[in-house]
Amino acid sequence: MEIIGKIIHDLGETSGTSKAGREWKKHEYVLETQESYPKKVHFDFFGERADQYKLAAGQMIKLSFDIDSREYNGRWFTSISGWKAEPATVEGTGSTNGPLDPPATTKAPEFQAVPPTDLNQSEPNDDLPF
């Protein structure tokens, strides 16, 4: 799956050792979509991808990810694991939004007034049954 948005929080890196004795690490971020009703998405890069993708707040990215849910003590938990991040282009410009670029804006459409019609006037070619 893919999503495009701006990194709004870098939550840092977490590391540890598994029960099997293997070292692990993950880097967590929060992305905000650029829609009419923006959504915030918490995701992470796990293992070697935590070092491969160093993202900063303000970057526009296209994130490729997997969603996984698992049960623990009768409750379900869902995680979003990123596996690829690349710079996103702003629609219509072909340029990428860096940390200092302003968000893209669109001009509101202009509307024309429609003249009122007389609803009591009937057309001679009116073939409607009512």
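The coordinates are above.
Quick notes on the rules
- Residues numbered from 1 in each chain as written.
- Predicted model: local features only at pLDDT ≥ 70, side-chain atom pairs only at ≥ 80, totals over all residues.
- Heavy atoms only, no water.
- Helix = DSSP H or I, 4+ residues; strand = E, 2+ residues; numbered from the N terminus.
- Buried < 20%, exposed > 50% of the residue type's maximum accessible area, 1.4 Å probe, protein only.
- Contact = heavy atoms within 4.5 Å.
- Areas by Shrake-Rupley, 256 points an atom, 1.4 Å probe, with all protein chains shown as cover.
- Lys, Arg positive; Asp, Glu negative; His and termini not counted.
- Salt bridge = Lys/Arg side-chain N within 4 Å of Asp/Glu carboxyl O.
- Core = buried A, V, L, I, M, F, W, Y, C linked by side-chain atoms within 4.5 Å.
- Phe/Tyr/Trp six-rings, centres within 6.5 Å; stacked < 30°, edge-to-face > 60°.
- Pairing = 2+ DSSP bridges.

Looking now at the overall build of the chain. When helices and strands are counted, the chain shows 1 helix and 5 strands. Taken from the N to the C terminus, the helices and strands of the chain come in the order β-β-β-α-β-β. Looking at the chain residue by residue over its 130 residues, the buried ones come to 24%. Considering only contacts within the chain whose residues lie at least 6 apart along the sequence, 48% involve residues at least 24 apart. Total accessible area on the chain stands at roughly 10500 Å², and carbon and sulfur atoms take up 52% of it.

As for its position among the elements, Asp44 is in strand 3 (residues 40–46). For the buried Asp44, no salt bridge exists, and the shortest N-O distance to an oppositely charged side chain is 4.5 Å, to Lys26. In this structure, Asp44 is in contact with Lys26, His27, Glu28, Ile80, Ser81 and Gly82, ignoring residues within four places of it in sequence.

Before going further, it helps to examine the environment of Ile61. For Ile61, the position within the fold is in strand 4 (residues 60–72). Residue classification places Ile61 among the buried residues on the basis of a relative accessible area of 2%. For the pair Ile61 and Ala88, spaced 27 residues apart in sequence, the C-alpha separation works out to 4.5 Å. Excluding its chain neighbours within four sequence positions, the residues that come into contact with Ile61 are Ile3, Ile4, Gly5, Ile7, Leu31, Phe43, Leu55, Ala85, Glu86, Pro87 and Ala88.

What follows is about the pattern of salt bridges. Applying the stated criterion across every chain, the model contains 10 salt bridges. Two residues, Lys26 and Glu28, come together in a salt bridge whose shortest N-O distance is 4.0 Å. Its relative accessible area of 16% is what places Glu28 among the buried residues. Overlapping salt bridges bring together Glu2, Lys62, Lys84 and Glu86 as one network.

Further remarks concern the nonpolar core. Of all hydrophobic cores here, the largest spans 14 residues; its most connected members are Ile7, Leu31, Phe43, Phe45, Leu55, Ile61 and Leu63. Sorting the residues of this core by element identifies strand 1 (2–17), strand 2 (23–33), strand 3, strand 4 and strand 5 (75–87) as the ones contributing at least two each. The contact partners of Phe43, leaving out residues within four places of it in the chain, are Ile7, His27, Glu28, Tyr29, Leu31, Leu55, Ile61, Leu63 and Ile80.

Enumeration over the complete set of coordinates arrives at 5 aromatic pairs. Ring centres 5.6 Å apart and planes at 25 degrees place the aromatic pair Tyr29 and Phe43 in the stacked group. With a gap of 14 residues between them, Tyr29 in strand 2 and Phe43 in strand 3 connect regions that are remote in the sequence. Take Tyr29 and Phe43: they sit in the same class, and that class is buried.

Here the focus is the pairing of strand 5. Two elements, strand 4 and strand 5, share 12 bridges in a ladder whose sense is antiparallel. By the bridge assignment for strand 5, Lys62 is matched with Glu86. Once strand 4 ends, the chain turns through 2 residues before running back antiparallel as strand 5, passing Asn73 with a positive phi of about 55 degrees.

Of note, the phi angle at Asn73 is positive, near 55 degrees, even though the residue is not glycine. Inspection of the secondary structure assignment puts Asn73 in the loop between strand 4 and strand 5.

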